[in-house]
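Each chain, letter by letter, is given below.
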Amino acid sequence: MWMLSASVPGAGRDAQTPRMDFNVKKLASGAGVFFSRAVQFTEEKLGQAEKTELDAHFENLLSRADSTKNWTEKILRQTEVLLQPNPSARIEEFLYEKLDRKIPSRITNGELLGQYMIEAASEFGPGTPYGSTLIKVGEAQRRLGAADRDFIQSSMINFLTPLRNFLEGDWKTISKERRLLENRRLDLDACKSRLKKAKAAEAKAATTPDFQETRPRNYVLSASASALWSDEVTKAEQELRLAQTGFDHQAEITRLLLEGISSTHTNHLRCLHEFVEAQATYYAQCYQYTLDLQKLLDRLPSAFVGNSDKPAPPTGSSPSTATIPVVPSFAGPCNPTPSSVGFTEVSPPSSGTRKARVLYDYDAADSSELDLLADELITVYSLPGMDSDWLMGEKGSKKGKVPVTYLELLN
């Protein structure tokens, strides 16, 4: 027998291989608790069992916590869309975050646009009006893109991260404790139901038995059943006390966590202020960059549609005719730098004067120019040797050069 057992493959391995600790009683107990909770939950849904209700304050805390969680999720998701409108980029960042890897630096749209403009200027010729303007605008776009990057990083750190920490940290803890509280509540109500049934059975068994001699067995059975149900009632009362203690303890833990939602609101309020400050800083930078760019473009020589292929007449040249050029309307102000025109006192020609309405305010750069206010009417005319982008203007006793693009020429 010994030799037979020794020849069996795998014999004697118990000494080297650890055995799995499989506790059947523990498994059966867990299954019993799960079944008891499932029965209690089903009976409550069918209206066949009573349910322990939480107090109004506790219910308000639960409702407030749920609202905080739901709106925090919505604000978080929409802020992510605001900061990164590209869904593919958001998915990529999400994957990097879940894999606990550093998100690679990504060029912003403004920086990419600026890069394209500068590269185009190098091909068209940085010395041309278009090329030089592309360089200036491209540099401004790159600064705008850098400001956008700073705003995104600041918002991610100071606003999105605290919201995400709440959802992935505090809220998960609250949810876990709420599930435990619900289980304790189901256990408590199941104990109440068992005690109620045991008392009803005890009362039924304790009814007055039949003492007639012809039925002595009924008395014996009735007395035995009454004693058994009395023991069952005692056991159910003990289980109920333990279940009530567990429920009260878990309710207190959950209540403290739910009351901490007020601290969460305070923290999110601070983060919201920081987000608004970062946003205000970002938009102020964007405004300043675009304003500086606009002023810079106003001082750059430009070629416009209709005269881009025709060079400006040199100083002192006298064209055969002196007429007011027809200039197409533009979407916004554009202030070209006038070529130098030597004049001291000039008089308007006998013919060729026209009325013009001022489209935008214009501040004269020097004494040879005329200040303009939007919507006012002035008299304009052209002089020999003037750049085609400029006209002489008069209003009252004042006269000076005015940019054509600031005017709407009337009949």
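Residues numbered from 1 in each chain as written. Predicted model: local features only at pLDDT ≥ 70, side-chain atom pairs only at ≥ 80, totals over all residues. Heavy atoms only, no water.

Enquirer: Lay out the overall build of the chain with the relevant residues and their values.
Expert: Counting secondary structure elements, the chain contains eight helices and five strands. In sequence order, the secondary structure elements of the chain are arranged as α-α-α-α-α-α-α-α-β-β-β-β-β. A buried classification covers 28% of the 411 residues belonging to the chain. Counting contacts in the chain only where the partners sit at least 6 residues apart, residues at least 24 apart contribute 73% of the total. (Helix = DSSP H or I, 4+ residues; strand = E, 2+ residues; numbered from the N terminus. Buried < 20%, exposed > 50% of the residue type's maximum accessible area, 1.4 Å probe, protein only. Contact = heavy atoms within 4.5 Å.)

Enquirer: Explain a nonpolar patch on the surface to me, using residue names and the numbers behind them.
Expert: Taken together, Leu-269, Leu-272 and Val-276 make up a surface patch of nonpolar side chains, about 250 Å² in accessible area. Within the secondary structure, Leu-269 is located in helix α8 (residues 261-298). For Leu-269, a relative accessible area of 48% gives the class partly exposed. (Patch = residues over 30% accessible without salt bridge, like charges linked within 9 Å, V, L, I, M, F, W, Y side chains within 5 Å. Areas by Shrake-Rupley, 256 points an atom, 1.4 Å probe, with all protein chains shown as cover. Salt bridge = Lys/Arg side-chain N within 4 Å of Asp/Glu carboxyl O.)

Enquirer: I'd like a rundown of the confidence of the model for the chain, residues and numbers included.
Expert: Per-residue pLDDT for the chain averages 78, and the proportion of residues at 70 or more is 72%. Highest mean pLDDT in the chain belongs to helix α3 (residues 56-83) (94); lowest belongs to helix α1 (residues 2-6) (41). Every residue in residues 1-15 scores below 50 in pLDDT, and together they form one contact with partners more than four places removed in sequence or on other chains. In this model residues 210-214 is a low-confidence stretch, pLDDT under 50, and it forms three contacts with partners more than four residues away in sequence or in other chains. (pLDDT = per-residue confidence, 0-100.)

Enquirer: I'd like to hear about the pattern of salt bridges, residue by residue, with values.
Expert: Summed over all chains, the structure comprises 14 salt bridges. The salt bridge partner of Arg-357 is Asp-375, with a shortest N-O separation of 2.9 Å. Residue Arg-357 is located in strand β1 (residues 354-358), and its partner Asp-375 is located in the loop between β1 and β2 (377-381); the two are separated by 18 residues in the primary sequence. Judged by its relative accessible area of 27%, Arg-357 falls in the partly exposed class. Under the relative-accessibility criterion, Asp-375 is labelled exposed at 55%. What you see here is one network of salt bridges that share partners, running through Arg-77, Glu-80 and Arg-164.

Enquirer: Break down the pairing of strand β3 (residues 390-395) for me, with residues and values.
Expert: Most of β3 sits out of view: five of its six residues are buried. Note that β2 and β3 share three bridges and pair antiparallel. From the neighbouring strand, Val-380 faces β3, where its bridge partner is Gly-393. Bridging between β3 and strand β4 (residues 398-403) involves six bridges; their strand directions are antiparallel. If you follow Gly-393 over to β4, its bridge partner there is Gly-400. In this structure, the hairpin formed by β3 and β4 is closed by a connection of two residues, where Gly-396 is found at a positive phi of approximately 65 degrees. (Pairing = 2+ DSSP bridges.)

Enquirer: Summarise the packing of aromatic side chains; cite the residues concerned and give the values.
Expert: In this description, an aromatic ring pair is defined by two values, namely the gap between the centres and the angle between the planes. Under the criterion given, the structure shown has nine aromatic pairs. Arranged with centres 4.9 Å apart and planes meeting at 10 degrees, the rings of Phe-151 and Tyr-282 form a pair that is stacked. Note that Phe-151 is positioned in helix α6 (residues 129-205) and Tyr-282 in helix α8, a separation of 131 residues in sequence. Across the pair, exposure class does not vary: Phe-151 and Tyr-282 are buried alike. Where Tyr-282 meets Tyr-283, the ring centres are 5.1 Å apart and the plane angle is 50 degrees; that geometry is what we call tilted. Through a chain of ring-to-ring contacts, the aromatic side chains of Phe-151, Phe-159, Phe-275, Tyr-282 and Tyr-283 assemble into a single cluster. Note that Lys-74 overlies the ring of Trp-71, its terminal NZ or CZ placed 4.5 Å from the centroid. (Phe/Tyr/Trp six-rings, centres within 6.5 Å; stacked < 30°, edge-to-face > 60°. Lys NZ or Arg CZ within 6 Å of the ring centre and 35° of its normal.)

Enquirer: Explain the pairing of β2 to me, using residue names and the numbers behind them.
Expert: Looking along a regular strand, one sees side chains alternate from face to face of the sheet. Inspection of the sheet shows β1 paired to β2 by four bridges, in the antiparallel sense. For Ala-356, the partnering residue across the bridge sits in β2 and is Ile-378.

Enquirer: Tell me about the nonpolar core, and please be specific about residues and values.
Expert: Ranked by internal contacts, the top residues of the largest apolar core, which has 34 residues, are Phe-58, Phe-151, Phe-159 and Leu-258. Among the elements of the structure, α3, α6, α7 (216-259) and α8 are those that each provide at least two residues to this core. Core analysis: the next-biggest nonpolar cluster, separate from the first, contains 17 residues, Ile-378, Met-386, Leu-391 and Val-402 among them. (Core = buried A, V, L, I, M, F, W, Y, C linked by side-chain atoms within 4.5 Å.)

Enquirer: Describe the sheet that holds β1, listing the residues and the values that go with them.
Expert: If you walk across this open sheet you meet the five strands as β4-β3-β2-β1-β5, and the pairing is antiparallel. Edge positions in the open sheet fall to β4 and β5 (407-409), since each of these has one partner strand only. Going from strand to strand, the sheet's axes swing by 40 degrees on average, the running direction of each strand aside. Sheet analysis places β1 next to β5, joined by three bridges and oriented antiparallel. (Axes fitted to C-alpha atoms, helices over the stretch in contact; angles between N-to-C directions.)

Enquirer: Outline helix α5 (residues 109-124), supporting the account with residue identities and numerical values.
Expert: Along its 16 residues, α5 runs 22 Å from first to last C-alpha, staying within 8% of the 22 Å computed at 1.5 Å per residue. Along α5, the residues classified as buried are Gly-110, Glu-111, Gly-114, Met-117 and Ala-121. Projected down its long axis, α5 shows its buried positions confined to an angular sector of 125 degrees, all on one face. Away from its buried face, by an angle of more than 90 degrees, α5 presents the exposed residues Asn-109, Ser-122 and Glu-123. Looking at the packing, one finds that the buried side of α5 touches α6. Looking one or two places after α5, you find Gly-125, whose phi comes out positive at around 110 degrees. (Expected span 1.5 Å × (residues − 1). Arc of directions from axis to C-beta.)

Enquirer: An account of the environment of Ser-132 is requested, with residue identities and associated values reported.
Expert: Here Ser-132 is to be found in helix α6. Spatially, the C-alpha atoms of Ser-132 and Ser-122 are 9.1 Å apart, while their sequence positions differ by 10 residues. Leave out the neighbours within four places in its chain, and Ser-132 touches Gly-125 and Pro-126.

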